[in-house]
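Chain and residue survey
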Amino acid sequence: LEHARKSSGEKSPTDINALCEEFAKLSYQSMRAKDPKFSAEYTFDFDAHLPKIEVVAQDLGRVILNLINNAFQALGEKAKKVGEDFKPAVTVSTSSMADYIEIRISDNGSGIPESIKDKIFQPFFTTKDAGKGTGLGLSLSYDIVKALGGEIKVESKVGTGSQFIILLPINSDI
């Protein structure tokens with residue numbers, strides 16, 4: 001339903017650091033509510049001089065929440081396979097470039113095989129077990145970021161982890 005639904009929200013100047021922190025904490029608490037044994041470190045590396053940008057905060061929040069949820073789920077799966085020696089970690093970082101900002105969500109999970117990297121943003125593509133995912137989260141995230149004039153990409157290495165990078169234009173009139 002979320003994939004088909006268009007947000008009626010209006011763009012407003014948004015503190016991306018605050019948005020990322022809010023949704024990372026929400027994601028972590030949600031994972032802990034589903035699985036009280038789940039534990040992961042999550043850290044922030046925010047650019048303190050990041051400008052506010054015009055976005056629909058609800059929509060971008062949905063993207064951030066989805067990416068962090070996916071990272072935590074990947075960490076949970078790896079932790080079950082590897083055992084107690086594994087220290088699950090997610091880092092959310094932001095930086096300001098000349099005409100855009102970058103949001104990076106990195107994890108030290110199992111990574112994404114090269115053979116499926118070009119499919120992960122397609123609707124209904126999922127690697128999750130039946131009933132665990134619809135395959136629409138990354139597709140929806142891709143659509144939202146594109147609608148904001150931005151770009152989303154992934155860097156990943158099997159066994160090491162993944163980084164999702166969101167690039168969003170800075171609006172010079174804010």
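Here's the deal with the overall build of the protein chain
The helix and strand tally for the protein chain stands at four helices and seven strands. Start at the N end of the protein chain and walk to the C end: the helices and strands fall as β-α-β-β-α-β-β-α-α-β-β. Counting every position in the protein chain, which comprises 174 residues, the buried fraction comes to 40%. Pairs at least 24 residues apart make up 70% of the contacts formed inside the protein chain by residues separated by at least 6 positions.

Observations regarding the nonpolar core
Of all hydrophobic cores here, the largest spans 40 residues; its most connected members are I16, L60, I64, F72 and L168. Listed by contribution, the elements that provide at least two residues to this core are α1 (16–34), β3 (53–55), α2 (57–82), β4 (89–96), β5 (100–107), α4 (137–147), β6 (151–157) and β7 (161–169). Looking at which element gives the most residues to this core, the answer is α2, with eight residues. Not counting residues up to four positions away in its chain, the partners in contact with F72 are A24, S27, Y28, M31, F38, A40, Y42 and V90.

Considering α1
Here α1 spans 27 Å end to end across 19 residues, near enough to the 27 Å set by a 1.5 Å rise per residue. All of the buried residues along α1 are I16, N17, L19, C20, F23, A24, S27, Y28 and M31. For α1, the buried positions fall inside an angular range of 160° around the axis, keeping them on one side. Against the buried residues of α1 lie β1 (12–14), β2 (41–45), β3, α2, β4 and β5. Put simply, D15 is the residue that caps the front of α1, since its side-chain oxygen is 3.0 Å from the backbone nitrogen of N17.

What about the confidence of the model for the protein chain?
Per-residue pLDDT for the protein chain has a mean of 88; in total, 88% of the residues score no lower than 70. Confidence drops under a pLDDT of 50 for residues 1–5, and excluding neighbours within four residues, the segment shows six contacts in the predicted structure.

Considering the packing of α1 against α2
For the pair α1 and α2, the least separation of the axes is 9 Å and the interaxial angle reads 45°. Between α1 and α2, the angle is such that the two are oblique. Here α1 runs over α2; the crossing is right-handed. Contacts between α1 and α2 involve I16, L19, C20, F23, A24, L26, S27, Y28 and M31 from the first element and A57, L60, G61, I64, L65, I68, N69, F72 and Q73 from the second. For the contact of α1 with α2, the residue count by class is 14 nonpolar, four polar and no charged.

Cut-offs and rules
Residues numbered from 1 in each chain as written. Predicted model: local features only at pLDDT ≥ 70, side-chain atom pairs only at ≥ 80, totals over all residues. Heavy atoms only, no water. Helix = DSSP H or I, 4+ residues; strand = E, 2+ residues; numbered from the N terminus. Buried < 20%, exposed > 50% of the residue type's maximum accessible area, 1.4 Å probe, protein only. Contact = heavy atoms within 4.5 Å. Core = buried A, V, L, I, M, F, W, Y, C linked by side-chain atoms within 4.5 Å. Expected span 1.5 Å × (residues − 1). Arc of directions from axis to C-beta. Polar contact = N/O pair within 3.5 Å; in protein donor to acceptor, adjacent residues only side chain to side chain. pLDDT = per-residue confidence, 0-100. Axes fitted to C-alpha atoms, helices over the stretch in contact; angles between N-to-C directions. Parallel < 35°, antiparallel > 145°, perpendicular 65-115°, else oblique. Left-handed = near helix turned anticlockwise from the far one by under 90°. Nonpolar A, V, L, I, M, F, W, Y, C, P; charged D, E, K, R; others polar.

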